[in-house]
Amino acid sequence: MEVYVVTRAGLGTLNHTELAVDALRARGIEPVGLIVGSWLARPGTVEICKLEDLPRLTGVRIAAVLPEGAGTREAPAFVAEAIS
């Protein structure tokens, strides 16, 4: 079973994501990737830094970054817009 942790780029993300990864590991589950959702069209420095900080803090790679509103797209557009 592959488990991904879905997170956001906003305030509290580093703490929430680290706690989620730690909770999974405490149960013997190793996440295979992080998915950052609702990525802003114009991310600020704080959001961009989180793309480096999340893997460093958790030891889990970023598998995808989904743009804001991606969930409303048809499947081909959704896949094309995902930044991995």
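Preceding block: the structure.
All values derive from a computational prediction rather than experimental measurement.

**Q** I'm lost on the overall build of the chain in this one. Help?
**A** When you go through the chain residue by residue, the secondary structure sums to three helices and three strands. Each helix and strand of the chain, placed in order from N terminus to C terminus, yields the pattern β-α-β-α-β-α. What you see for the chain is a C-alpha radius of gyration of 13 Å, in line with the 12 Å of a compact globule of 84 residues. Expressed as lengths along the three principal axes of its C-alpha atoms, the size of the chain is roughly 35 × 30 × 15 Å. Going through the 84 residues of the chain one by one, you find that 31% of them count as buried. At a minimum sequence separation of 6, the contacts of the chain that also span at least 24 residues come to 66%. Per element, the accessible surface of the chain, about 5,400 Å² overall, is 59% carbon and sulfur.

**Q** Would you explain helix α1 (residues 13-26) in this entry?
**A** Residues spaced three or four apart along an α-helix point in a common direction, a consequence of the helix completing one turn every 3.6 residues. With 14 residues, α1 extends 20 Å from end C-alpha to end C-alpha; this agrees with the ideal 20 Å at 1.5 Å per step. Of all the residues in α1, the buried ones are Thr13, Thr17, Val21 and Leu24. Axial view of α1: buried residues confined to an arc of 60°, hence all on one face. In α1, the exposed positions angled more than 90 degrees off the buried face are occupied by Leu19 and Ala26. Tucked into the core, α1 has its buried residues touching β1 (4-8), β2 (33-39) and α2 (45-58). Looking one or two residues beyond α1, the residue adopting positive phi is Gly28, at roughly 80°.

**Q** Please clarify how α2 should be interpreted in this entry.
**A** With 14 residues, α2 ought to run about 20 Å at 1.5 Å a step, and its terminal C-alpha atoms sit 20 Å apart, in line with that. The largest bend along α2 measures about 35° and falls at Leu51, with the proline Pro55 one to four residues further on. Turning to α2, its buried residues number three or more, namely Glu47, Lys50, Leu54 and Thr58. Where α2 is buried, its residues touch β1, α1 and β2. Positive backbone phi, approximately 75°, marks Gly59, located one or two places after α2.

Cut-off values and rules
- Residues numbered from 1 in each chain as written.
- Predicted model: local features only at pLDDT ≥ 70, side-chain atom pairs only at ≥ 80, totals over all residues.
- Heavy atoms only, no water.
- Helix = DSSP H or I, 4+ residues; strand = E, 2+ residues; numbered from the N terminus.
- Rg over C-alpha atoms; globule rule 2.2 N^0.38 Å.
- Buried < 20%, exposed > 50% of the residue type's maximum accessible area, 1.4 Å probe, protein only.
- Contact = heavy atoms within 4.5 Å.
- Areas by Shrake-Rupley, 256 points an atom, 1.4 Å probe, with all protein chains shown as cover.
- Expected span 1.5 Å × (residues − 1).
- Arc of directions from axis to C-beta.
- Bend = angle between axes of the 7 residues up to and from the residue.

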